[in-house]
Amino acid sequence: LRSKEFSRHQFAKVWEQYLTPQGCAERGLNWEDIWVAKTLVFDFDSPLNPMKSFHKADKLCSYLTELGCTPYMVFSGSKGFHVHLNIEDSERMVGFKMTDWIEHKDPLKVIGKHYAETVVRLCNEAGVSYANEDRSPNFRQGIVRCPYSIHHKTGQIVWPLDGKNLADLRLHDNLSIIEIAKILHSWDI
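Conventions and cut-offs
Residues numbered from 1 in each chain as written. Predicted model: local features only at pLDDT ≥ 70, side-chain atom pairs only at ≥ 80, totals over all residues. Heavy atoms only, no water. Pairing = 2+ DSSP bridges. Helix = DSSP H or I, 4+ residues; strand = E, 2+ residues; numbered from the N terminus. Contact = heavy atoms within 4.5 Å. Axes fitted to C-alpha atoms, helices over the stretch in contact; angles between N-to-C directions. Salt bridge = Lys/Arg side-chain N within 4 Å of Asp/Glu carboxyl O. Core = buried A, V, L, I, M, F, W, Y, C linked by side-chain atoms within 4.5 Å. Buried < 20%, exposed > 50% of the residue type's maximum accessible area, 1.4 Å probe, protein only. Phe/Tyr/Trp six-rings, centres within 6.5 Å; stacked < 30°, edge-to-face > 60°.

Novice: Tell me about the pairing of strand β2 (residues 72-75), and name the residues and values.
Specialist: Pairing of β2 with strand β3 (residues 80-84) involves four bridges; the strand directions are antiparallel. Opposite valine 74, over in β3, you have histidine 82 as the bridge partner. The turn linking β2 back onto β3 is made up of four residues, and glycine 77 within it adopts a positive phi angle of 90 degrees. Direction of pairing for β2 relative to strand β4 (residues 159-160): antiparallel, over a ladder of two bridges. Looking at the pairing, valine 74 lines up with proline 160 of β4.

Take a look at the structure:
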């Protein structure tokens, strides 16, 4: 990206081609081969008390389970927790598949808007406030940290939670990031 031969601007133009069916066609690609599916991601953060985020995410997971979904939760390695739904549950919750929007000029933009709205709707139905939370993982190019990666600011592991982790965290109301990490993987904080 820093080379004189290929600027960020040029890189951005190429990336934008991969986002739309027309742009993919211009590059000799099929949009449906690249954009296979999308999943719903709920990103809960509380800088002063990450356990507030945990309890909101846990309540949402209970609600999603009642709806027949199989949510899983991940400690972000910093100030919060992410809740993920698999592809099938995500499509059922939004009511469409990505390919249903292939005729739209910018399908990912429209799909991202619907996914973000669905995240807010499901939180409201679950009685969980999502007013100040981050919707961006659901937008067109939204990203979220990969499990088992290292959070660059805290040095903590982005950790998928299993049943024991969930049970252990449910016993607490106010823990620091380090205290959460000790509960999740005491072998290395």
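Novice: I'd love a proper account of the sheet that holds β4, names of residues and values included.
Specialist: Within the open sheet, the four strands sit side by side as β1-β3-β2-β4. Their pairing is antiparallel. Every interior strand has two partners, whereas the edge strands, β1 (41-45) and β4, have only one. Packing against the sheet, helix α4 (residues 50-66) makes contact with β1, β2 and β3, and its axis sits at approximately 15 degrees to β3.

Novice: Lay out the pattern of salt bridges with the relevant residues and their values.
Specialist: Throughout the structure, instances matching the rule amount to six salt bridges. Across the salt bridge formed by glutamate 133 and lysine 56, the nearest N and O atoms sit 2.8 Å from each other. Here the residue glutamate 133 occupies a position in the loop between α6 (107-126) and β4, and lysine 56 occupies one in helix α4, the gap between them amounting to 77 residues. Two residues, aspartate 168 and lysine 164, come together in a salt bridge whose shortest N-O distance is 2.7 Å. Of this pair, aspartate 168 and lysine 164 are both found in helix α7 (residues 163-169), four residues apart, which corresponds to roughly one turn of the helix.

Novice: How would you explain the nonpolar core if you had to name every residue and give the values?
Specialist: With 43 residues, the main nonpolar core has Phe42 and Leu161 as its most contacted residues. Residues in contact with phenylalanine 42, not counting those within four places in the same chain, are Leu60, Leu64, Phe81, His82, Val83, Leu85, Val119, Leu122, Cys123 and Tyr130.

Novice: Which residues make up the packing of aromatic side chains, and what are the values?
Specialist: Evaluated as defined, the whole model comprises eight aromatic pairs. Taken together, a centroid distance of 5.4 Å and an interplanar angle of 65 degrees make the contact between phenylalanine 54 and phenylalanine 81 edge-to-face. With a gap of 27 residues between them, phenylalanine 54 in helix α4 and phenylalanine 81 in strand β3 connect regions that are remote in the sequence. A single burial state applies to phenylalanine 54 and to phenylalanine 81, both of which are buried. Plain terms: the ring middles of tyrosine 148 and tryptophan 159 are 5.7 Å apart, the flat faces sit at 80 degrees to each other, and that makes the pair edge-to-face. Note that tyrosine 148 is positioned in the loop between α6 and β4 and tryptophan 159 in strand β4, a separation of eleven residues in sequence. According to the relative accessible area criterion, tyrosine 148 is exposed, its value standing at 54%.

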